[in-house]
Amino acid sequence: MAKEQLGVLNALDVAKTQWYHFTAIVIAGMGFFTDAYDLFCISLVSKLLGRIYYTDITHPKPGTLPPNVAAAVNGVALVGTLAGQLFFGWLGDKMGRKKVYGMTLVLMVLSSIASGLSFSDHPTSVMTTLCFFRFWLGFGIGGDYPLSATIMSEYANKKTRGAFIAAVFAMQGFGILAGGIVALVVSTAFDKSFPAPTYGENRIASLPPQADFVWRIILMFGAIPAGMTYYWRMKMPETARYTALVAKNAKLAAADMSKVLQVELETEEEKVQKYTDDKSNSFGLFTKEFAKRHGWHLLGTTSTWFLLDIAFYSQNLFQKDIFTAIGWIPSAEKMNAIHEVYRIARAQTLIAMCSTVPGYWFTVALIDHMGRFAIQLMGFFFMTVFMFALAIPYHHWTLKPNRIGFVVIYSLTFFFANFGPNATTFVVPAEIFPARLRSTCHGISAAAGKAGAIVGAFGFLYAAQNKDPKKTDAGYPAGIGVKNSLIMLGVINFLGMVFTFLVPESKGKSLEELTGENEEGDEATEEQAAPTNRTVPVLNALDVAKTQWYHFTAIVIAGMGFFTDAYDLFCISLVTKLLGRIYYQQHGSANPGSLPSNVSAAVNGVAFCGTLSGQLFFGWLGDKLGRKRVYGMVLMVMVLCSIASGLSFGKQPKAVISTLCFFRFWLGFGIGGDYPLSATIMSEYANKKTRGAFIAAVFAMQGFGILAGGMVAIIVSAVFKELYPAPSFAADPAASIFPQADYAWRIILMFGAIPALLTYYWRAKMPETARYTALVAKNAKQAAADMSKVLQVDVEAEPVKTEERSQPGRNDFGLFSKAFLRRHGLHLLGTTSTWFLLDIAFYSQNLFQKDIFSAIGWIPKANTMSAMEEVFRISRAQTLIALCSTVPGYWFTVAFIDKIGRFTIQLMGFFFMTVFMFALAIPYHHWTLKANRIGFVVMYSLTFFFANFGPNATTFVVPAEIFPARLRSTCHGISAAAGKAGAIVGAFGFQYAEKVIGVKNTLIILGVVNFLGLLLTFLVPESKGKSLEEMSGEGEEENGTETQSSQQA
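Residues numbered from 1 in each chain as written. Predicted model: local features only at pLDDT ≥ 70, side-chain atom pairs only at ≥ 80, totals over all residues. Heavy atoms only, no water.

Summing up its helical and strand segments, the protein has 46 helices and 0 strands in all. Within the protein, the fraction of its 1049 residues that count as buried is 62%. Expressed as a percentage of contacts within the protein between residues at least 6 apart in sequence, the contacts between residues at least 24 apart total 84%. Accessible area of the protein: about 39,100 Å², with a carbon and sulfur share of 66%. (Helix = DSSP H or I, 4+ residues; strand = E, 2+ residues; numbered from the N terminus. Buried < 20%, exposed > 50% of the residue type's maximum accessible area, 1.4 Å probe, protein only. Contact = heavy atoms within 4.5 Å. Areas by Shrake-Rupley, 256 points an atom, 1.4 Å probe, with all protein chains shown as cover.)

So this is what it looks like as structure tokens:
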């Protein structure tokens, strides 16, 4: 059972963002600015150190640090950091955060200066001294990790705590950027003051004596920002959580926070005593109780940070070697010593500016919206993807024309490290452990990270060496090569993604909630869901019901409709080329016949016109007559029109196509009704914990429908090819199309009737949803009886409450009323606009992907194939895309929608659709080259993956959750109809746009469309974990206040 929160801690938790928050961010953040500067600036000068102290002018290449020296210089600060994290983390819990905070800063300032003053002219002495001081520099930096994170977490309010801690860590980005800029300024100044030839031109003169000052100035500069913040660190009061919960001084905690918050706070000494005397809050780090409560959490934070830092530091410390390997930095003998520093610094500055800094601040902006878990999982996922994208075609990236592509993808790995686990691994350990162990546990987690950094810093030097011993750097044994090293890092990132599941979500919770410090006894008791006037018992029973067999039955019954919808809508794209050959072949033409542009637009788009009409009509009818009554109608329309489409009659092309368009309009009309009804039924049957996954699972059957369309077309075309062998059009135009081919497209279209027909009986047996029966039909008794059978429990009817909820003035506003506009107007604008924009992009790609594949040469030219061969090739391409991206994307949404939320998935999906669309469009000519076709397919598949693990699923889910029961189906129908309006724009517009402005410019337009979808996503509310009545406000009076019965409860 939870104790009452201490007043001083509650005041911190609910405090509005104030000036002291930003002061704390700057004071703590300048330490991290210095940390990053000092840790990463060594990578800018290690080449210079090699030239100064290890050059042999008899060799054709300038000197480099021997392997053992390079490993020591690069890694010794990390060893010191690891030791400092453990020591100062422990000390911060023993002596207090503030007392230790100044020590670490002084140590960093002194060691930064001493590193630059490393004495002696002898290489061994200089390197030994440098390593000695960099160890102690690292030791001071190590203390800054647990102390800064803990102080910021204990000062912050719970609403924006993640952003504040992440903002402290984000100062690392500016530290890395500053390192590059300082190195640029210093090297430029010295290069101009002391001009020198390249090493190849004059080996001795290429290294001016003054170069020895360059590295010293760059290293010593790190002392300045640290020294500037010492005074302000000393003025900060101790955190209230340490003072109250660890030092047990309630009076001082209240006094300190009264000054900070500028409010009067009660001392509450008795409460503090009760907290601290409780045995449940006194266990130590090495106890069974800690292992039981926080053991998995500590394993999660240590393992993910360890794995992240292997990848992050191996890239960051040695990115100069990667840039040299791909030719972005010239070979060493083509530069003088100081100019080499300039080139390396410029490369690091570019990476920091384009990916490192933005990545950190993306995390700051979104961590309290998306949550820590979602950002970390997403970051590891994309680091894995991009690492393999660099590694597998590595030779491709070494070619001169492709270097910019390498830099872009390499930058994206950094972006997603920083908009991902590099930030979240720092944030979470400062939130989830008890106050008396918080700094210690953060130190342990951070030390595990630095152990990973050491593995990366030492291991990458050897691993990345060429497999051929003759091609390795001086003094190094043969390694596994850059390509295999990058593959290893990809595997490491994947393991980080797996271990992320051990880390709890801390968004929006107080530190004491997360740590269990405000719980009585050994275990917290779970609060039972209590019915209120917001949900009558039958609805509450649905909301809290465990996942049962009837949920899966409902998914299959509704999902088979969507299987049919997708099959019917997309299978037309597989046969339009065949229709052109059969009905529009011109005698004597060098190319097979194709549908005229107006006919093609009609055949492809008419079903969408029908769907749009059906969504509006059946959506409205579902709210008027009930979901169940209308549900069977739409299925019968789909079955009959699927069969009729395949039987389209007439000998003249115009007659066949006209008949086909007529029946496909009514097929679309039936499909349109399935959208609002299936979504509404599933949302009203589901429990609130997994409702998103259930609705998304219904929609995900679309993926199998698209896949089935491709597979049916492959089978039918393969059978016809076998039965009726035919030459290519070029070999024999007349024989390339045989009369029996007319049956192929008809069979493919008619097959869609089978799955729909199979589910008709089960749809007819489903009871009406309880929410419609109780809230719209106002029959509480029937609703309770129906749900008692479904849930197999006794459910109370409570007709009085139902009647009370239905009184005039309560929840009776219509769609075109001011009350609806005020409550749901922006929501409806959000759901309609995002679905409209999504479907422009989604359907324009999906319907015409065969044209894109033809344009880049993945499907041969039409005249080199027979009619059936063309159907087979197009179907195979669609099946591959569905299998690799469409189906996985849908089911990723099902798996994660109730964990990371609808808003996060939709925002992420639109973002990556934008990125990948521009990545396809801008270098479009590059993708048309034969050698790059696989790359195109991968990028194209990723746009589909993020459409489906993104807005294509969430735009379907959310409108079924956020509107009142009496308008739910209508509003979903309106939102879906807006989507189909977008699909019509895509289906009709893409044909003309491609011819007028080309594929490249069309893809750019689609990228802009996706970006607009990202912006308008901010109008859509998050519905994760809330009941439908909470979302729709159906338990509130029209003025937004709770009802009297609720207030009395």
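Back to the text.
Once that is clear, we can look at the packing of helix α28 (residues 627-646) against helix α29 (residues 653-685). At a minimum axis separation of 8 Å, α28 and α29 run at an interaxial angle of 150°. One way to sum up the angle between α28 and α29 is to call them roughly antiparallel. As for how α28 packs across α29, the hand of that crossing is left-handed. Looking at the contact of α28 with α29 residue by residue, the classes come out as 14 nonpolar, 6 polar and 4 charged. (Axes fitted to C-alpha atoms, helices over the stretch in contact; angles between N-to-C directions. Parallel < 35°, antiparallel > 145°, perpendicular 65-115°, else oblique. Left-handed = near helix turned anticlockwise from the far one by under 90°. Nonpolar A, V, L, I, M, F, W, Y, C, P; charged D, E, K, R; others polar.)

Our next topic: the packing of aromatic side chains. Evaluation of the coordinates by the stated rule reveals 78 aromatic pairs. Aromatic pair F699 and Y890: ring centres 5.7 Å apart, planes at 75°, arrangement edge-to-face. In this pair, F699 sits in helix α30 (residues 691-723) while Y890 sits in helix α39 (residues 867-900), placing the two residues 191 residues apart along the sequence. Judged by relative accessible area, which is 0%, Y890 ranks as buried. Seen in terms of ring centroids, F699 and F956 are 4.6 Å apart; in terms of plane orientation they differ by 20°. Their pairing is stacked. Taken together, the residues span a long stretch of sequence, with F699 in helix α30 and F956 in helix α43 (residues 951-957) at a distance of 257 residues. Residue classification places F699 among the buried positions, given a relative accessible area of 1%. Sitting above the plane of the Y101 ring, R233 keeps its charged end 3.7 Å from the centroid. It is R966 that lies over the ring of F813; its NZ or CZ is 4.5 Å from the centre. (Phe/Tyr/Trp six-rings, centres within 6.5 Å; stacked < 30°, edge-to-face > 60°. Lys NZ or Arg CZ within 6 Å of the ring centre and 35° of its normal.)

The next point concerns the nonpolar core. Core analysis: the biggest nonpolar cluster contains 278 residues, and Y145, I218, F416, Y675 and F946 have the highest contact counts within it. Here the element with the most residues in this core is helix α7 (residues 161-193); it accounts for 17 residues. For F416, the residues in contact, after removing those within four places along its chain, are M378, G379, F382, M383, F386, P421, F911 and F912. (Core = buried A, V, L, I, M, F, W, Y, C linked by side-chain atoms within 4.5 Å.)

A pair of packed helices can be characterised by two numbers: the angle between their axes and the separation between those axes. Running from N to C, α29 and α30 cross one another at 150°; their axes reach a closest spacing of 9 Å. In terms of orientation, α29 and α30 fall into the roughly antiparallel class. Considering only the axes of α29 and α30, their crossing is right-handed. Of the residues in α30, those in contact with Y675, S678, A679, M682 and S683 of α29 are R691, F694, I695, V698, F699 and Q702. Grouping the amino acids of the contact of α29 with α30 by side-chain chemistry returns 7 nonpolar, 3 polar and 1 charged.

Below, the discussion takes up the pattern of salt bridges. Under the definition given, this model contains 25 salt bridges. The partner of E684 in a salt bridge is R968, with the nearest N and O atoms 2.6 Å apart. Within this pair, whereas E684 is found in helix α29, its partner R968 is found in helix α44 (residues 965-1016), the two being separated by 284 residues in sequence. Accessibility expressed as a relative area gives 1% for E684, which makes it buried. The exposure class of R968 is buried, given its relative accessible area of 0%. Residues R873 and E869 are paired through a salt bridge, measuring 2.9 Å at the closest nitrogen-oxygen approach. (Salt bridge = Lys/Arg side-chain N within 4 Å of Asp/Glu carboxyl O.)

Once that is clear, we can look at a nonpolar patch on the surface. Nonpolar side chains collect at one region of the surface, where V491, F494, L495, V498 and F499 lie side by side and expose about 390 Å² of accessible area between them. Within the fold, V491 resides in helix α22 (residues 481-499). (Patch = residues over 30% accessible without salt bridge, like charges linked within 9 Å, V, L, I, M, F, W, Y side chains within 5 Å.)

On to the confidence of the model for the protein, then. Close reading of the predicted structure is inappropriate where its pLDDT is low. In the predicted model, the protein carries a mean pLDDT of 82, and 86% of its residues have values of at least 70. Looking at the elements of the protein, mean pLDDT is at its lowest for helix α46 (residues 1044-1048), recorded as 35, and at its highest for α43, recorded as 94. Confidence drops under pLDDT 50 across residues 1037-1049; counting only partners more than four residues distant or on other chains, this segment forms 21 contacts. (pLDDT = per-residue confidence, 0-100.)

On to the environment of G825, then. Mapped onto the elements, G825 comes out in helix α37 (residues 818-847). For the pair G825 and L1019, spaced 194 residues apart in sequence, the C-alpha to C-alpha distance is 9.9 Å.

For the coordinates displayed, the defined rule picks out 0 disulfides. The thiol of C661 is not disulfide-bonded; the next cysteine sulfur, from C609, is found 9.9 Å away. (Disulfide = S-S within 2.5 Å.)

This next bit is on unusual backbone geometry. Glycine aside, residues mostly have negative phi angles, and peptide bonds mostly take the trans form. Although it is not a glycine, K778 sits at a positive phi angle of roughly 60°. Along the polypeptide, K778 turns up in the loop between α34 (770-776) and α35 (780-791).

Every α-helical turn comprises 3.6 residues, leaving residues that sit three or four positions apart pointing alike. The terminal C-alpha atoms of helix α26 (residues 572-583) lie 15 Å apart, and with 12 residues this matches the ideal 16 Å at 1.5 Å per residue to within 8%. Among the 12 residues of α26, 10 are classified as buried, and the element is accordingly described as predominantly covered. Taken residue by residue, α26 has I572, S573, L574, V575, T576, L578, L579, G580, R581 and Y583 as its buried positions. (Expected span 1.5 Å × (residues − 1).)

The element helix α31 (residues 741-750) is largely enclosed, with a buried count of 7 among its 10 residues. Along α31, the residues that are buried comprise A741, D742, A744, W745, R746, I748 and L749.

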